[in-house]
Amino acid sequence: MEERLRLEFNQWARAGRAESMEQGHQPVGRQAIDKMRVPEDARVLDVGCGSGWATRLLAARARHGLVTGIDISDEMIRIARESSATFANAEFQVASAESLRFADARFTHAFSMESLYYYGDVLVALKEIRRVLASGGVFVTVIDLYQENGPSHHWIEKLQVPVHLFSTAQYHSLFDRAGFVNVHDERIYDPTPMTDRYGAWFKSREEYLEYREAGSLMISGWVAS
């Protein structure tokens, strides 16, 4: 499964899709990162970092800390390193979310944008993220492909890799089982003006409008102090 993901996302990177993902995800992702209120000395893990755009946003906030971006795709990591050369407090590693090569309590914050549903065993990944977070740490994830957002469901047919389609309640349960506390969900809405260009991911403008009205699902979970 992980090798299949690596090959698929390597192909996305070579096709230039890293840039389009950044453009599509950043309006919502930036809002989620703002809500995290990352302090200047934070140690942050960006899980499924892709081209590293969120890593860079986080590094700009954690100016006296360190942000580590990980991705299963070595091509995405190559792009992230090249794009982040001016950020001395950002680093990148090829790594699996289901087997993190970090010590317990290494990070104070963790973030994931549109990657959680790709993992073969989401519960194992959440337990690993929980393990590497320090006491009082928080994990924030943003998800567009979820049960309550009907227009996103047909993406499953378009994607070349298996994905999970969970409801908000199921994500809550997974966070709880992984050991997170004070699990909270909310919707975040893309502020970008609507246009007639809705891309290949939607069958009609009406479907795209319904998708935008559903919003992105943001879930946060804390490590008990």
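One can find the structure itself at the top, above this paragraph.
## A short note on the overall build of the protein chain
For step 1, the next point in the chain: The number of helices and strands found in the protein chain is eight helices and seven strands.
For step 2, the next point in the chain: In summary, the protein chain has a C-alpha radius of gyration of 16 Å against a globular reference of 17 Å for 225 residues, a match within 12%.
For step 3, the next point in the chain: Here the protein chain holds 225 residues, and 53% of them are scored as buried.
For step 4, the next point in the chain: Of the contacts made within the protein chain by residues no fewer than 6 positions apart, 73% connect residues no fewer than 24 positions apart.

## Digging into the environment of Pro 39
For step 1, the next point in the chain: Assignment of secondary structure puts Pro 39 in the loop between α2 (17-36) and β1 (43-47).
For step 2, the next point in the chain: Once the C-alpha coordinates of Pro 39 and His 109 are considered, the two residues, 70 residues apart in sequence, prove to be 9.7 Å apart.

## Focus on the packing of aromatic side chains
What characterises a pair of aromatic rings is the spacing of the ring centres plus the angle enclosed by the ring planes.
For step 1, the next point in the chain: A complete count under the given rule lists 11 aromatic pairs for this structure.
For step 2, the next point in the chain: Between Phe 175 and Phe 180 the ring centres are 5.3 Å apart and the planes differ by 40°, which places this aromatic pair in the tilted class. Take Phe 175 and Phe 180: they sit in the same class, and that class is buried.
For step 3, the next point in the chain: Centroid distance Phe 202 to Tyr 208: 5.1 Å. Interplanar angle 50°. Geometry classified as tilted. Tyr 208 carries the same exposure label as Phe 202, and that label is buried.

## Some words on the pairing of strand β5 (residues 133-143)
For step 1, the next point in the chain: With nine of its 11 residues buried, β5 lies for the most part within the structure.
For step 2, the next point in the chain: Across six bridges, strand β4 (residues 107-113) lies against β5 in parallel orientation. Considered in β5, the bridge of Ala 110 is made with Phe 139.
For step 3, the next point in the chain: Regarding topology, helix α5 (residues 122-132) serves as the crossover connection from β4 to the parallel β5, and that connection is right-handed.
For step 4, the next point in the chain: The pairing of β5 with strand β7 (residues 216-222) spans six bridges and is classified as antiparallel. Within β7, the residue paired with Phe 139 across the bridge is Gly 221.

Here is what the cut-offs are and how they apply
- Residues numbered from 1 in each chain as written.
- Predicted model: local features only at pLDDT ≥ 70, side-chain atom pairs only at ≥ 80, totals over all residues.
- Heavy atoms only, no water.
- Helix = DSSP H or I, 4+ residues; strand = E, 2+ residues; numbered from the N terminus.
- Rg over C-alpha atoms; globule rule 2.2 N^0.38 Å.
- Buried < 20%, exposed > 50% of the residue type's maximum accessible area, 1.4 Å probe, protein only.
- Contact = heavy atoms within 4.5 Å.
- Phe/Tyr/Trp six-rings, centres within 6.5 Å; stacked < 30°, edge-to-face > 60°.
- Pairing = 2+ DSSP bridges.
- Right-handed = clockwise from strand over helix to strand, strands pointing away.

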